[in-house]
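# Residue-level structure breakdown
Take a look at the letters that make up each chain.
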Protein chains: 2
Amino acid sequence: MKKNILVLSVLLLSYINSFAQETALNRYVDPRIGSEGLGRVFIGPSCPFGMVKPSPDCTARPNSGWLPMPEQVDGFSQVHVSGTGGGPKYGNILVMPFGEGMDRIQHIDYRKDETIKLGYYSTQFKASGIQTEITTAPKASFYRFTYPADSLKSLAIDAGFFLGESSVPDAREAQQFVGSEIQIISDREVMGYTRIRGGWNNGRAYTVYFYAETDKPFVRTSTWKGNKITNDKYQYDSQQKTGALLQFESSDNVIQLKIGISFLSSLKARENAHAEISHWSFETVHQQLLDQWEGLFRKIEISPRTPDAYKRMFYTALYHTMLMPVDRSGENPLWTDNEPYYDDFYAIWDTYRTSSPLITLIDPERETDIVRSLINIYKRDGYMPDARSGNSNGRTQGGSNAEIVIADAFVKGLKGIDYELGLEAMLKDATVPPGGNGEAEGRGGLVPYLQLGYIPYGIPRAGNRTVEYSYCDYAIALVAKGLGKEDLYDHYLKQSGNWKNLWRDGYEHAGAKGFIMPRDEKGNWLDNIPFGKSKIQKPTFTYTPVTFEGPWYTPWWDMFFYEASSWEYSLSIPHDVPGLIEKCGGAEKFEERLDIFFDKEFFNVNNEPSFLSPCLYHWIGKPHRSSDRVHEIIRKNYNDGSIGLPGNDDSGAMSSWLAFHMTGLYPNAGQDYYLINTPLLEETSFKLEDGKMFKISTKGLSNKNKYIQTVTLNGNTYPYSAIRHKDITDGGELILIMGEKPSEWGKQLLSN
Amino acid sequence: MKKNILVLSVLLLSYINSFAQETALNRYVDPRIGSEGLGRVFIGPSCPFGMVKPSPDCTARPNSGWLPMPEQVDGFSQVHVSGTGGGPKYGNILVMPFGEGMDRIQHIDYRKDETIKLGYYSTQFKASGIQTEITTAPKASFYRFTYPADSLKSLAIDAGFFLGESSVPDAREAQQFVGSEIQIISDREVMGYTRIRGGWNNGRAYTVYFYAETDKPFVRTSTWKGNKITNDKYQYDSQQKTGALLQFESSDNVIQLKIGISFLSSLKARENAHAEISHWSFETVHQQLLDQWEGLFRKIEISPRTPDAYKRMFYTALYHTMLMPVDRSGENPLWTDNEPYYDDFYAIWDTYRTSSPLITLIDPERETDIVRSLINIYKRDGYMPDARSGNSNGRTQGGSNAEIVIADAFVKGLKGIDYELGLEAMLKDATVPPGGNGEAEGRGGLVPYLQLGYIPYGIPRAGNRTVEYSYCDYAIALVAKGLGKEDLYDHYLKQSGNWKNLWRDGYEHAGAKGFIMPRDEKGNWLDNIPFGKSKIQKPTFTYTPVTFEGPWYTPWWDMFFYEASSWEYSLSIPHDVPGLIEKCGGAEKFEERLDIFFDKEFFNVNNEPSFLSPCLYHWIGKPHRSSDRVHEIIRKNYNDGSIGLPGNDDSGAMSSWLAFHMTGLYPNAGQDYYLINTPLLEETSFKLEDGKMFKISTKGLSNKNKYIQTVTLNGNTYPYSAIRHKDITDGGELILIMGEKPSEWGKQLLSN
């Protein structure tokens, strides 16, 4: 009876859905956007901030697991990250259907076709002819395998597989195997775990526990340890790779599989599987996933008249922004308390600029939980992460940017956060050196930063650390002021000017004067940078504002700037653009410099340090020039195709940058306003808390009418080129009247 | 049939054993020695360096679990440490037999009697009348419960219990519950785990997995989560306490239980239980334990004429020395490689002086493995531990003393150690500040130590850190020299004089001149020490050479000296006693000072910093005075009773100090010689590698003839008061001719 009700309700659901689908926003999401080229986004099914991310692993190389056809498929593993660079992480608990006997561990096959949709992945294999369909719940994945009638029906569960395995012992950024275990506990259930350390963030060991259940019984089983296949029902952890081979009745053409995942235990994984998926309906799991996303997409509705390509780009960008960090509340093996727990901040250095601000607009309660988890990680682990994965802080890239995430939440008035404790966490970064642990957390080079006011060359990433620490100091100042701590405010406001200590005033390059340049501890500017250990040779190489890396044998992550040049970082002072303009010789020189920056392509579209740069024209009263730059960048680099992102999406960073600019708003993280630009979308409505709504409308927007003439906010003329967060959360309408020529609008950023 | 053979062989064994017992050295071990008062030794069964240490837990307070009768017994848990102070650690997986129904979780009872022997513990409970007998294998414990015929036969397995639980949230040094799980997997098997963080070393979460098997089936079972008892066969980890209640046939008066333990998984715990205990013979498990110990005790044989009390004190001291660290090879959840893995270095600050050197003499291969594991912990975790427990480095107490352990192994020629990597690990301590992590590992205060040559007051433990770092620097110098690195040698030899930078020359106290005293970063000596944060009041307290602690609200672990006074640390310069004598004003003044130190009881017998002090008379050519001090200290503070140790045994530190002095040898850790004193034992034979033997004999030793007159080594006159390690490992005989009066022997420590 119960079953019939289930079947009925599923039928009913799918009827409602077939109708709903036509109006659903989630139909615009295409997980393939940014999946090829540099984007590296995760293409498999995932719930918002979902812990489980099942996907094909096409060799053990790619960060997201997936590679385009015709690349081989090793199988389908359950945990992945999205859009990351460097050494891969995760790729745990690999399942692979096959049509043969139980005599081999690996069953690599090739795709005949492939379907990638929101919450749904499907492929048919060439050799085996088996079709695999995948969807997922937050903590449990769901598979439907359709075997050819005439083949054997077999399934491999590999607890030893992981991404980024290296033949070099202890290779940097490579994941390293620690242990695994497998248990066949009934004729439909297998459980176990895999334990891995390292990977991009050089993290400590993490353990992914699983519970796998099929809807039909196994008729034959084997297990393996190392390369040895046996008839044992389990393989205990002797720090070797283990797995199971399962075979089903040859009449069972369709086998369904649910895999619960946990970071606590296999029984918790079992609980997760049964709590989230109490049935065997693939469609129901998929529909629940779609409903979760739809609820979030509905928070930002855009004009129905929007071109499909823009709809796809926009909602896919929102989707990418909410794949990570991952909600692991109740799944933390390190401590127990009542705070939320998020992992896979990967990396905040990438996401603090636009991802966090976008989540704050779409789902402020979610961002509140994320910020609370950051502060709690400080309380339990000693430092907030700049990046964190596999329950380990690491790797720092520049600043201690969680501070900016807290400041952003604070200035935007997110409720339910202990900001006093948050400030304590920020001050820990700013006052307690991480010592030998500086690559994992805290502020490496803090001692000289505090003594000299800058980080001298020789300490890894001295340049961008100095620039970013001063930005983080500004974030501390803002929160301190808001909490009424004037002494702290004064101290850190002053310290936030430290970037000027690396500003080499006279230095000219390509028509611009003044750059952030390397300096030694005695204060000398370094044109030639020493490298290597030889005391006799004293080898050097010439450093210029376009230098990215030293000689091949100088580790790039130890360079003066991380993943960027001085041209980029010398324009990356988001907390003191007026001070930067002054340093650059005033408004006119600054505009010239920006033009050189973009026209001579010193601007690097595929990395985060220059995210704000196209908008810097706002500060010289020429927002229309910012808009021109932004639109040109998007036109040249973003689209709704599989190579639609110009760089690693970095768990949604690139995507959230795009999403903001499509609406016409752009945040300056840690501060309470958004810059106003010409949008790509003619209408955007934000559904806010307490039923409030904020609408951005354009009048006459077209390729010709691309310049804002006048602006009204709730009917009143609005002369400023930026708008405060509170003006948005209060609800209302911002109308942009467009025209063919640049106008006088927006000479000033905000009212004083 | 097989069973009969087992029974036969057991009978045979026990026959042989009954004979062997009479000559066995292990019969002299009394685990009760040092179990009461400050000693805090572990009284339960343990194999040498055994991972599993089952013991009664008498309330959740005591460090070793056990307290003397009439204290209550909560049950018997499987993991403990020995002789530790501060907040407790472990006390995991509690089992408790009871004679009632299945309606309660706790079954606290009281002891009617108690038997504590090597490898054997037995008690009968007052209320239930149940007798519990315990023995153990290295990774699996074994229980025999004998129930009254007329009572129910029940057993509780509590995966939520642990020692040192505090009602104060996040109390310092308190263990904190993280999670637990229980599964009844058959009618004779239960498995699960407990996950705990914190404890004395403020460590990260550790997980103790268990597999429990009984020799008779359960007829009824329940499980609990939180306070709720249910009929479920398992309780998954929802970060609450769980456990199982088991009941047996009422005809089963004797129930045997084996509990495998693992730090990897429950299945590995199962493997450990079955691999180590494949049968149900309590006696066989016990005999195998006795045989392991006997093999080690046989390495040092003493004269049969030795008084029983001395035999008991000596062999129990050896026993205590080999309880920890714990061999966890193959049980490391953090990484996998071919190096040995040891945990529960608790703490090296305590054990480096005498425990490591004693293990090196008894079992050099064991010490080699221990040193290799320390170096490998550096390689994997970044720093060697000063203390480590639950797979986490922490807490540092003073120096980075693993460096001295390595130097001790190096100068004594232990083979199979990568000393180049070892030196790298030592240099990491000495050059890379641990930053905010200074309480866990590395050298806290390293930056000022290197800049000023001392650690200024205000940095926790500035005094003893300065003194100990300079000792560690000497250890680095020795290894560097041995590896042919003259530059390093010169650098660190010079740096090893840093203790002098805190030596306040003129300062007089109680008739002595010159003390290690607090100094600020400007170089001023501090008579009055500031404390508290008030800027108006500027409160201070007077610091003198007998000051132990500040006001109650200044944390004692942040004081100038850790667990000691300036009187003690000002005489604790083991690497430069001649330099110390000079600082004290020459031989005569030094002797006066030593006399004041002991006669006025500034000497603290119950802690390690003064371990070498009684022997300092050797350096002024009066070894007989050292012997007098040593014998007086032993007579007053050590005996073969339960209060036979004057301080925390600190996993064998106190005991190994005693054992060395009983033989007449005393090591100066990190250096290659042993001081010669009047022994308590008239004859001691060391069985060395390659069948070599080194014998220390006395001629005419008695309470009257307590002074060494002359010494011969292998028949030749030996005028020195110390002997090199190589002279011992070469084998031979050292004969001490005794007399009533002090003699001219031993004016010089060693040949130059």
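Procedures and definitions
- Residues numbered from 1 in each chain as written.
- Chains lettered and ligands numbered in written order.
- Predicted model: local features only at pLDDT ≥ 70, side-chain atom pairs only at ≥ 80, totals over all residues.
- Heavy atoms only, no water.
- UniProt positions renumbered as here; feature names shortened; annotations may be inferred.
- Helix = DSSP H or I, 4+ residues; strand = E, 2+ residues; numbered from the N terminus.
- Contact = heavy atoms within 4.5 Å.
- Phe/Tyr/Trp six-rings, centres within 6.5 Å; stacked < 30°, edge-to-face > 60°.
- Buried < 20%, exposed > 50% of the residue type's maximum accessible area, 1.4 Å probe, protein only.
- Lys NZ or Arg CZ within 6 Å of the ring centre and 35° of its normal.
- Domains from an automatic or database assignment.
- Buried area = accessible area lost by both parts, 1.4 Å probe.
- Salt bridge = Lys/Arg side-chain N within 4 Å of Asp/Glu carboxyl O.
- Nonpolar A, V, L, I, M, F, W, Y, C, P; charged D, E, K, R; others polar.
- 1 Å grid on protein atoms, 1.4 Å probe; cavity = no way out; pocket = protein on both sides within 12 Å on 5 of 7 lines; lining within 4 Å.
- Points joined across faces, edges and corners; volume = space filled by probe spheres on them.
- Least-squares fit on C-alpha atoms with pLDDT ≥ 70 in both.
- Pairing = 2+ DSSP bridges.
- Core = buried A, V, L, I, M, F, W, Y, C linked by side-chain atoms within 4.5 Å.

- By the naming in an unreviewed UniProt entry, chain A is Alpha-1,2-mannosidase, putative, taken from Dysgonomonas macrotermitis.
- The annotation that UniProt attaches to chain A under Subunit (unreviewed entry) is "Monomer."
- Of the comments in the UniProt record for chain A, the one headed Cofactor (unreviewed entry) reads "Ca(2+)".

## Re the environment of S392 of chain B
All names here are of chain B.
- Within the secondary structure, S392 is located in strand β21 (residues 392-393).
- C-alpha of S392 to C-alpha of D343: the two residues are 49 residues apart in sequence and 8.6 Å apart in space.
- The contacts of S392, once residues within four sequence positions are left out, are N201, G203, R204 and A387.

## Regarding the packing of aromatic side chains
- Inspection of every chain in the model, using the stated rule, returns 78 aromatic pairs over all chains.
- Here F560 of chain A and F561 of chain A contribute two aromatic rings whose centre-to-centre distance is 4.6 Å and whose plane-to-plane angle is 65 degrees, an arrangement assigned as edge-to-face.
- Assessed through its relative accessible area of 1%, F560 of chain A is described here as buried.
- Judged by its relative accessible area of 1%, F561 of chain A is buried.
- Ring geometry for Y90 of chain B and Y206 of chain B: centres 5.1 Å apart, planes at 70 degrees, overall edge-to-face. Of this pair, Y90 of chain B sits in the loop between β2 (75-77) and β3 (94-98) while Y206 of chain B sits in strand β11 (residues 203-214), placing them 116 residues apart in sequence.
- The class for Y90 of chain B is buried, based on a relative accessible area of 0%.
- Since its relative accessible area comes to 1%, Y206 of chain B is described here as buried.
- An aromatic cluster is defined as three or more aromatic residues linked by ring pairs; in this entry it consists of Y507, F515, W567, F597, F598, F602, F603 and Y617 of chain A.
- Positioned above the aromatic ring of W280 of chain A is the side chain of K258 of chain A, whose terminal nitrogen or guanidinium carbon lies 4.2 Å from the ring centre.

## A short note on the domain arrangement of chain A
Residues and elements named next belong to chain A.
- The assigned domain composition of chain A is domain 1 (31-295) and domain 2 (306-662).
- Placing a centre on the C-alpha atoms of domain 1 and another on those of domain 2 gives a separation of 35 Å.
- Taken together, the contacts link 44 residues of domain 1 with 53 residues of domain 2.
- With both chains or domains summed, domain 1 and domain 2 bury close to 3,600 Å², and 57% of this area falls on carbon and sulfur atoms.
- The three residues of domain 1 that bury the most area against domain 2 are I33, F49 and W200, which together make up 26% of that side's buried surface.
- Linking domain 1 with domain 2 are three salt bridges.
- Where E439 meets R172, a salt bridge forms, and the shortest distance between an N and an O atom there is 3.2 Å.
- The set of elements that each furnish at least two residues to the side of domain 1 that touches domain 2 consists of β11 (203-214), β16 (254-262) and α2 (266-276).
- The element contributing the most residues to the side of domain 1 that touches domain 2 is β11, with three residues.
- Residues belonging to the side of domain 1 that touches domain 2 are distributed by class as follows: 17 nonpolar, 17 polar and ten charged.

## Structural notes on the interface of chain B and chain A
- Contact residues are listed per partner, giving 42 residues for chain B and 42 residues for chain A.
- Regarding the contact of chain B and chain A, the summed buried area is about 3,300 Å², with carbon and sulfur atoms giving 48% of it.
- Among the residues chain B hides against chain A, the three largest losses belong to R204, Q239 and L267 of chain B. Together they make up 19% of the total.
- When the shortest N-O distance is used, the salt bridge between D170 of chain B and R380 of chain A registers 2.6 Å.

## Thoughts on empty space enclosed by the protein
- If you walk through the whole model with that rule in mind, you get 15 cavities of 30 Å³ or more.
- Here the largest cavity defines a volume of roughly 420 Å³.
- Around the largest cavity, the lining is made up of 23 residues, and of these A205, T207 and L334 of chain A together with A205 and T207 of chain B lie nearest the centre.
- Elements with a contribution of two residues or more to the lining of the largest cavity: β11 of chain A together with β11 of chain B.
- When the residues that make up the lining of the largest cavity are grouped by side-chain class, the tally is twelve nonpolar, seven polar and four charged.
- For the lining of the second largest cavity, the secondary structure elements donating two or more residues are β9 (175-184), β10 (189-198) and α2 of chain A together with β9 (175-184), β10 (189-198) and α2 (266-276) of chain B.
- Split by residue class, the lining of the second largest cavity holds eight nonpolar, eight polar and two charged.

## Side note on the relation of the copies chain B and chain A
- Expressed as a screw transformation, the operator carrying chain B onto chain A has a rotation angle of 180 degrees and an axial translation of 0.0 Å, and the superposed copies differ by an RMSD of 0.0 Å. Read as a symmetry element, the transformation amounts to a two-fold axis. Closest approach to the rotation axis within chain B is made by the C-alpha atom of G435 of chain B, at a distance of 1.9 Å.
- Most of the interface of chain B is mirrored in chain A: 100% of its interface residues are interface residues there too.

## A look at the pattern of salt bridges
All names here are of chain A.
- In the structure shown here, the tally under the stated rule is 107 salt bridges over all chains.
- Among the ionic pairs, E71 bridges to R61, the shortest N-O distance being 3.6 Å. Of the two residues, E71 is situated in the loop between β1 (55-57) and β2 (75-77) and R61 in the loop between β1 and β2; the sequence distance between them amounts to ten residues.
- For R61, a relative accessible area of 54% gives the class exposed.

## Topic: the pairing of β9 of chain A
Residue and element names in this part refer to chain A.
- Taken across its ten residues, β9 has ten buried, putting it largely inside the fold.
- As defined by bridge partners, β9 adjoins β10 across nine bridges and the pair is classed as antiparallel. Residue pairing in the sheet places I184 in a bridge with V190 of β10.
- In textbook terms, the turn of a hairpin is the stretch between consecutive antiparallel strands, and for β9 and β10 this stretch comprises four residues.
- Alignment of β9 against strand β14 (residues 234-235), held across two bridges, turns out to be antiparallel. Across the sheet, residue Q183 finds its bridge partner in β14, namely Y234.

## Observations concerning the nonpolar core
- Core analysis: the biggest nonpolar cluster contains 203 residues, and F210, I261, F297, L318 and I723 of chain B have the highest contact counts within it.
- Examining the composition of this core, we find that ten residues originate from one element, helix α11 (residues 462-482) of chain B, more than from any other.
- Split by domain, the residues of this core number at least three in each of domain 1 (31-295) and domain 2 (306-662) of chain B.
- Not counting chain neighbours up to four residues away, the residues in contact with F297 of chain B comprise L25, N26, V29, L118, Y315, L318, Y319 and M322 of chain B.
- Residues V95, I302, Y352 and Y454 of chain A belong to the second largest nonpolar core, which totals 202 residues.

## With respect to the UniProt feature "domain: Glycosyl hydrolase family 92 N-terminal" (unreviewed entry) in chain A
- Cross-referencing UniProt, the feature "domain: Glycosyl hydrolase family 92 N-terminal" (unreviewed entry) maps to residues 28-262 of chain A in the present numbering.
- Split by type, residues 28-262 of chain A is 0% helix and 44% strand. Its first and last C-alpha atoms lie 31 Å apart.

## Observations regarding unusual backbone geometry
- Here the bond from M69 of chain A into P70 of chain A is cis, since omega is 10 degrees, no more than 30 degrees from zero.
- Relative to the assigned elements, P70 of chain A resides in the loop between β1 and β2.
- For the bond from M324 of chain A to P325 of chain A, the omega torsion is 0 degrees, close enough to zero to count as cis.
- In this structure, F49 of chain B takes a positive phi of about 55 degrees despite not being glycine.
- On the secondary structure map, F49 of chain B appears in the loop between α1 (2-23) and β1 (55-57).

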